Every structure is written in structure tokens, then in C-alpha cells.
Amino acid sequence: MQADVHDALASGTTHTKGQQHPIKLYLVVWGWLFVLSTCSYLVDYFGLHGHLRWSLILLFMVLKAGLIVAVFMHMAWERLALAYAILLPPVLVLVFVAIMAFEADYTHLLRVLFFAPTA
């Protein structure tokens, strides 16, 4: 056992702690972030309006945030429990915001229908 450790140390093949990811991965992600940012800029450049504009902007924003979280924050290589602990709360917040937005529209509609001035 000690001879194997001594041979490994002598040959210079020791293990380093942590993970080493290839630089190509980071360059590809930087490229995709540049492409997505360009697409987000082009939405404004072409003058899109309404729901299409905001849908595209939010889509590009979520894709960029997903790439950053997955690669630069190393969430792609973390345990599933840790990923759920970090990613699940923002998803739940978005679900609750959607529920509140639906409720606000419903309440506004009722106020317009029942409390609108009749003149």
C-alpha cells in the first residue's frame, strides 16, 4: 500500500481536490450568453410590442439565468437535493405571483361589473 502511494507521489500523478472543467465549456456558455443577449437586444431593435415582446424578453432572461446558474454556479454538478433547495423557492414564488395576478384580474373584473357607475 505504501509503495503504491510512494510511486504515485514520485511520478507526479496526485489527485487534486475539486473538479476541473474544460475551458471549452465556459467559452461555449459565454458564446450562448452573447447570442441570447443579442436576441434580447434585437427584440427592442425590431420594435416588437405587447405580449410577444415581454414573452421573448422573459424567455431570453430565463435562459441566460439558467446557463449562469448551471455552469458558473456549478449547479449542474451538484446533488439533486441542493439544486432543489436553491431552485425550488424561486419557482414557487413565481407560481404564487401568477396566482396573485389571476386573483387581481378577477377582483378587478368584479369591481368593474358590480360597482361601475351607471350613467
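Residues numbered from 1 in each chain as written. Predicted model: local features only at pLDDT ≥ 70, side-chain atom pairs only at ≥ 80, totals over all residues. Heavy atoms only, no water.

Visitor: Describe the overall build of the chain, with residues and values.
Guide: What the chain contains, in helices and strands, is four helices and zero strands. Shown N-terminal to C-terminal, the secondary structure of the chain runs as helices and strands in the order α-α-α-α. A burial count over the chain gives 10% of its 119 residues as buried. Put simply, the chain shows about 10300 Å² of open surface, and 73% of that area lies on carbon and sulfur atoms. (Helix = DSSP H or I, 4+ residues; strand = E, 2+ residues; numbered from the N terminus. Buried < 20%, exposed > 50% of the residue type's maximum accessible area, 1.4 Å probe, protein only. Areas by Shrake-Rupley, 256 points an atom, 1.4 Å probe, with all protein chains shown as cover.)

Visitor: Let's hear about the environment of Ile68: which residues, and what values?
Guide: Among the secondary structure elements, Ile68 is positioned in helix α3 (residues 50-72). The exposure class assigned to Ile68 is partly exposed, which follows from its relative accessible area of 37%. As for Ile68 and Leu33, which are separated by 35 residues in sequence, their C-alpha atoms are 8.5 Å apart. When sequence neighbours within four positions are dropped, the list of residues in contact with Ile68 reads Leu33 and Met73. (Contact = heavy atoms within 4.5 Å.)

Visitor: Which residues make up the packing of helix α2 (residues 23-45) against α3, and what are the values?
Guide: It is at 10 Å that the axes of α2 and α3 come closest, and there the two elements cross at 165°. Here α2 is positioned roughly antiparallel relative to α3, judged by the angle of their axes. In this structure, α2 crosses over α3, and the sense of that crossing is left-handed. Residues Leu25, Tyr26, Val29, Trp30, Trp32, Leu33, Leu36, Ser37, Cys39, Ser40, Val43 and Asp44 of α2 form the contact with α3, whose participating residues are Arg53, Leu56, Ile57, Phe60, Leu63, Lys64, Leu67, Ile68, Val71 and Phe72. Broken down by class, the residue content of the contact of α2 with α3 amounts to 17 nonpolar, two polar and three charged. (Axes fitted to C-alpha atoms, helices over the stretch in contact; angles between N-to-C directions. Parallel < 35°, antiparallel > 145°, perpendicular 65-115°, else oblique. Left-handed = near helix turned anticlockwise from the far one by under 90°. Nonpolar A, V, L, I, M, F, W, Y, C, P; charged D, E, K, R; others polar.)

Visitor: Kindly report on the packing of aromatic side chains, identifying the contributing residues and their values.
Guide: Across all of its chains, the model carries four aromatic pairs by this definition. Grouped by ring-pair contacts, the aromatic residues Tyr26, Trp30 and Phe72 constitute a single cluster. (Phe/Tyr/Trp six-rings, centres within 6.5 Å; stacked < 30°, edge-to-face > 60°.)

Visitor: I'd like a description of α2, backed by residues and values.
Guide: Note that an α-helix has 3.6 residues per turn; residues three or four places apart therefore point the same way. With 23 residues, α2 should reach 33 Å at 1.5 Å per residue; the first-to-last C-alpha distance of 33 Å fits that figure. Residues of α2 that are buried include every one of Tyr26, Val29, Leu33, Leu36, Ser40 and Val43, and no others. At its buried positions, α2 is contacted by α3. Two residues or fewer past α2, Gly47 is found with a positive phi of approximately 70°. (Expected span 1.5 Å × (residues − 1).)

Visitor: Quick one: what's the story with the UniProt feature "transmembrane region" (unreviewed entry) in the chain, residue by residue and with numbers?
Guide: If you check UniProt for "transmembrane region" (unreviewed entry), the listed places come out as residues 25-48, 54-73 and 80-102 in our numbering. For residues 54-73, the helix share is 95%, the strand share is 0%, and the end-to-end C-alpha distance is 27 Å. (UniProt positions renumbered as here; feature names shortened; annotations may be inferred.)

Visitor: Now, about helix α4 (residues 80-115): what can you tell me, with residues and values included?
Guide: Its 36 residues place the ends of α4 51 Å apart at the C-alpha level, agreeing with the 52 Å of an ideal helix rising 1.5 Å per residue. Of all the bends found along α4, the most pronounced is centred on Leu87 and spans about 35°, while Pro89, a proline, follows it within four residues. (Bend = angle between axes of the 7 residues up to and from the residue.)

Visitor: So what's going on with a nonpolar patch on the surface? Residues and values would help.
Guide: Among the surface-exposed residues, Leu80, Tyr84, Leu88, Val91, Leu92, Val93, Val95, Phe96, Val97, Ile99 and Met100 lie close enough to one another that they form a single nonpolar patch of about 1000 Å² accessible area. Locating Leu80 in the fold gives a position in helix α4. (Patch = residues over 30% accessible without salt bridge, like charges linked within 9 Å, V, L, I, M, F, W, Y side chains within 5 Å. Salt bridge = Lys/Arg side-chain N within 4 Å of Asp/Glu carboxyl O.)

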